[in-house]
Amino acid sequence: MARFNKVTPELIEKLRDVLGAKGLTVDPEKLLTYQTDEEGNPYWFRTPEVVVFPETTEQVATVVKLANEYLVPITPRAAGSGVACGAIPVYHGIVMELDRMNKILELNEDSLYAVVQTGVRTSEVQEQCRRRGLLYAGDPCSAESCQIGGNVATNAGGNKAVKYGTTRNQIYGMKVVTPTGDIVDIGARLQKCSTGYCLEQLFCGSEGTLGIITEITLKLRPLPPYKFDLVAIFKEDTQGFTLPNKLLKAGIEPTSIEYMDNEALRICSAFCKVTLPHVDEGVCYVIVTVETFDEDELDRKMEKAGEICEECGAIDVIQADDRIWSCRRQFAEAARDIDIMYVAEDFVVPLDKIAAITAKLPALKEKHDLYAVTVAHIGDGNIHVLPLNRDGLSPEGWMKKMEGFHEDLFAEVYALGGKMSGEHGIGFKKLKEFKRHTPKGEQHIIRAIKAALDPNNIMNPAKIVDLEE
């Protein structure tokens, strides 16, 4: 079982010496801000004993060394936009807020890369690139609020992952403070490399359990000048689920393929105060985006995509305007507006298994008496089912219901060759389920890596690896 010490007045003074008077807070009211991330169920909340605000990698390293010396846990935090309880300080201790490290250090237009600090907002990187005719392809739906460091720590996905991949496909390397306080540069600005272990990929998606990322070197691309967005409207979900592989096989190379079920369309249109075509007919939407560097190629692909949508049974194919994309991007906020304790499922299956897993959902919802809405990145098999606590169960009662739902849901997901998270991560919230469904051999490797890099288990404990054992 994990054993940590309390934060002492002596440690507070040493932290103040490193960070300055404004570099930390122990104000009880301010500490409550850091008891959760985007999680709304107080069942999960934990309050830190101190929050620190470093401004340099060297300060981060010194704080980590002090945490080891005093055996106090550290929870790294970016924007707090995660939904897997990854930034919740399970064992209290220190929360390290990284939003003051928010500079774009270099943006090289000729060599197509940028060096950024961990606290830079994703939308800021995207905007600075757009102004220069460039593209940073990482595009989580929370881009306006999330930070690059958090994207890397969770290997965030998003709307453009079909064409460009997840965050791990957007990075060359990074600067990391290890759990023992060493400053290490990993990865390199190379197109290929077979020189030892691929450490930058190990740290990407490690959720702050193996170290604290302070700088990232990002890959940039030329920005395609031509784009179309269409919406294929279907009466039957299964018709829409046939689209991804058909579009890919036709050589259309979509940037994104997004799905919204009818209930999601209803709550999002109400939240955004817009009227969407055919929604009252019980339809679902599949939103397809294609980008090219040639206008004639765009026209050909747009025509072909429309034909494929109709062949799959679409009752209408229309342009995806700002109303529709606004509804898709505001999905989580629309759910939160109904229920602050909503649960954001994040499972992922092979493309040819999307219809199979979604066919299981009605029976699972009926069995567990759940109201849930669904959107998905069906171009990469990542499905977001959001159960909402419309019956007003207590935090504990809602948690118990979710445990039963997860036991059945994830059994079905793994039986189809899927995994429980495509982009949100495991965090604290899925710790038990991750242990249940991860093979023993894989668990052994994960624990061995954690023990080797973090001998005192101080780095974001209770995330991915269960320390209670």
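Naming follows an unreviewed UniProt entry, where the protein chain appears as Putative glycolate oxidase, subunit GlcD of Anaeroglobus geminatus F0357. Looking at the Cofactor (unreviewed entry) heading of the UniProt record, one finds this comment for the protein chain: "FAD".

> Got a minute to help me understand the domain arrangement of the protein chain in this structure?
Examined at the domain level, the protein chain breaks down into domain 1 (9–100), domain 2 (104–222), domain 3 (226–329) and domain 4 (339–430). On a C-alpha basis, the centroid separation for the pair domain 3 and domain 4 is 23 Å. Per-residue buried area on domain 3 facing domain 4 is highest for Phe241, Tyr259 and Arg328; these three make up 38% of the total on that side. Connecting domain 3 to domain 4 are 0 salt bridges. If you look at where domain 3 meets domain 4, you find 6 residue pairs in polar contact (both at pLDDT 80 or more).

> Sorry, what's going on with the sheet that holds strand E1 (residues 24–25) here?
Within a beta sheet, neighbouring strands are joined by backbone hydrogen bonds and run either parallel or antiparallel to one another. With mixed pairing, 4 strands are arranged side by side in an open sheet as E1-E2-E4-E3. In this open sheet, the two edge strands, each paired with only one partner strand, are E1 and strand E3 (74–77). Most of the contacts of helix H1 (residues 9–19) go to strand E2 (residues 50–52), to which it runs at about 15°, and overall it touches E1, E2 and strand E4 (94–97).

> I tried to follow unusual backbone geometry on my own but got confused; where do I start?
Peptide bonds are mostly trans, and most non-glycine residues show a negative phi. Within the chain, Ala462 stands out as a residue other than glycine whose phi angle is a positive 75°. For Ala462, the location among the structural elements is in the segment after helix H17 (440–453). Here Ile464, not a glycine, exhibits a phi torsion of approximately 70°, which is positive. Assignment of secondary structure puts Ile464 in the segment after H17.

> Is there a simple way to think about helix H11 (residues 295–311) in this case?
Because an α-helix completes one turn every 3.6 residues, residues spaced three or four positions apart along the sequence face the same direction. In this model, H11 (17 residues) spans 24 Å end to end at C-alpha, consistent with the 24 Å of a helix rising 1.5 Å per residue. Along H11, the residues classified as buried are Leu298, Lys301, Ala305, Gly306, Ile308 and Cys309. What you see down the axis of H11 is that its buried residues fit within an arc of 160°, all on one side. Residues of H11 that are exposed and point over 90 degrees away from its buried face: Asp296, Arg300, Glu303, Glu310 and Glu311. Tucked into the core, H11 has its buried residues touching strand E12 (226–234), helix H9 (243–249), strand E14 (284–292) and strand E15 (316–319).

Criteria and cut-off values
- One numbering rule holds for all chains: residues counted from 1, following each sequence as written.
- In view of the model being predicted, local features appear only for residues whose pLDDT reaches at least 70, and side-chain atom pairs are presented and counted only at 80 or more, with totals across whole chains, interfaces and linings using the full set of residues.
- No hydrogens and no water enter the side-chain calculation; it runs on all heavy atoms of the structure.
- UniProt positions are given in the numbering used here, feature names are shortened, and annotations may be inferred rather than shown by experiment.
- Either an automatic procedure or a domain database provided the assignment from which the domain bounds are taken.
- What counts as buried area is the accessible surface, traced by a 1.4 Å probe, that two parts surrender upon association, with contributions from both included.
- What makes a salt bridge here is a side-chain nitrogen of Lys or Arg within 4 Å of a carboxyl oxygen of Asp or Glu, nothing more.
- Under this definition, polar contacts are N or O atom pairs within 3.5 Å; protein pairs additionally need one hydrogen-donor-capable and one acceptor-capable atom, and for neighbouring residues in sequence, both atoms have to be side-chain atoms.
- Strands pair, by our definition, only if DSSP identifies at least two bridges between them.
- By the criteria applied, helices consist of DSSP H or I runs no shorter than four residues and strands consist of E runs no shorter than two, each listed in order from the N terminus.
- By the convention used here, residues are in contact when the closest approach between their heavy atoms is within 4.5 Å.
- To define axes, lines are fitted to C-alpha atoms, for helices over the stretch in contact only, and angles between the resulting N-to-C directions are given on a 0 to 180 degree scale.
- By this rule, a helix spans an expected 1.5 Å times one less than how many residues it contains.
- Between buried and exposed lies partly exposed: a residue is buried under 20% and exposed over 50% of the maximum accessible area for its type, with that area taken using a 1.4 Å probe on protein chains only.
- To be clear, the arc concerns the directions from the helix axis to the C-beta atoms.

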